[in-house]
Amino acid sequence: MDKRELGRRYELFAADYLKKQGYRIVELNFCCRQGEVDIIARDKDVLVFIEVKYRKNLHSGAPAEAVDAKKQQKIRSAARYYLYRKRYGEDVPCRFDVVGIVGEKISLIRDAF
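To keep things clear, this report deals only with the structure shown in the data block. (Residues numbered from 1 in each chain as written. Predicted model: local features only at pLDDT ≥ 70, side-chain atom pairs only at ≥ 80, totals over all residues. Heavy atoms only, no water.)

**Overview of the packing of aromatic side chains**
Within a pair of aromatic rings, the relevant descriptors are the distance that separates the centres and the angle that separates the planes.
In step 1: A complete count under the given rule lists nine aromatic pairs for this structure.
In step 2: Considering the side-chain rings of Phe30 and Tyr82, the 4.9 Å spacing of their centres and the 80° angle between planes classify their relative orientation as edge-to-face. Taken together, the residues Phe30 in strand E1 (residues 24-32) and Tyr82 in helix H2 (residues 69-85) connect sequence positions 52 residues apart.
In step 3: The class of Phe30 is buried, set by a relative accessible area of 3%.
In step 4: Judged by its relative accessible area of 2%, Tyr82 falls in the buried class.
In step 5: An aromatic cluster is present here, built from Phe30, Phe49, Tyr81, Tyr82, Tyr84, Tyr88, Phe96 and Phe113 joined pairwise through their rings. (Phe/Tyr/Trp six-rings, centres within 6.5 Å; stacked < 30°, edge-to-face > 60°. Helix = DSSP H or I, 4+ residues; strand = E, 2+ residues; numbered from the N terminus. Buried < 20%, exposed > 50% of the residue type's maximum accessible area, 1.4 Å probe, protein only.)

**Some remarks on the pairing of E1**
In step 1: Relative to strand E2 (residues 35-43), E1 is paired through seven bridges, and the arrangement is antiparallel. Each residue of the ladder has a partner; that of Ile25, found in E2, is Ala41.
In step 2: Connecting the antiparallel pair E1 and E2 is a turn made up of two residues. (Pairing = 2+ DSSP bridges.)

**Comments concerning the pattern of salt bridges**
In step 1: Here the structure, examined in full by the defined rule, presents six salt bridges.
In step 2: For Arg9, the salt bridge identified is with Glu104, shortest N-O distance 3.9 Å. Separated by 95 residues along the polypeptide, Arg9 in helix H1 (residues 3-20) and Glu104 in the loop between strand E4 (94-102) and strand E5 (105-109) bring together distant segments of the chain.
In step 3: Its relative accessible area of 42% is what places Arg9 among the partly exposed residues.
In step 4: Put simply, Arg95 and Asp43 hold a salt bridge, and the shortest N to O gap is 2.8 Å. A residue pair is termed long-range when its members are at least 10 positions apart, and Arg95 in strand E4 and Asp43 in strand E2 qualify at 52 residues. There is no split in this pair, since Arg95 and Asp43 are both buried.
In step 5: Overlapping salt bridges bring together Asp43, Arg95, Asp97 and Arg110 as one network. (Salt bridge = Lys/Arg side-chain N within 4 Å of Asp/Glu carboxyl O.)

Written out as structure tokens, the structure is:
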């Protein structure tokens with residue numbers, strides 16, 4: 001399985017987990033020139049932009065540690081473009097979450113950045 005297939009598999013795994021947490025999935029893999037957002041969902045009245053990170057084990061560190069300042073900026077830029085493209089108003093509450101997956105164990109960091 002190549003990296004793209006593996007990433008897609010764990011994004012779907014994360015989406016299923018998020019649904020069980022009460023999120024409503026709006027879009028998967030939103031891509032634009034500004035960047036990419038793995039999952040866009042609704043958590044009650046909040047629009048949530050979610051980054052999914054997978055690690056086979058912790059030898060390379062925790063998955064969420066890979067969402068550094070540069071990655072956060074790319075996600076923010078893609079989110080801004082998404083809001084513009086979908087014609088959301090400036091008053092739409094938004095947040096950024098990170099789903100970390102190690103093996104088959106999943107964790108959610110709400111309002112991660």
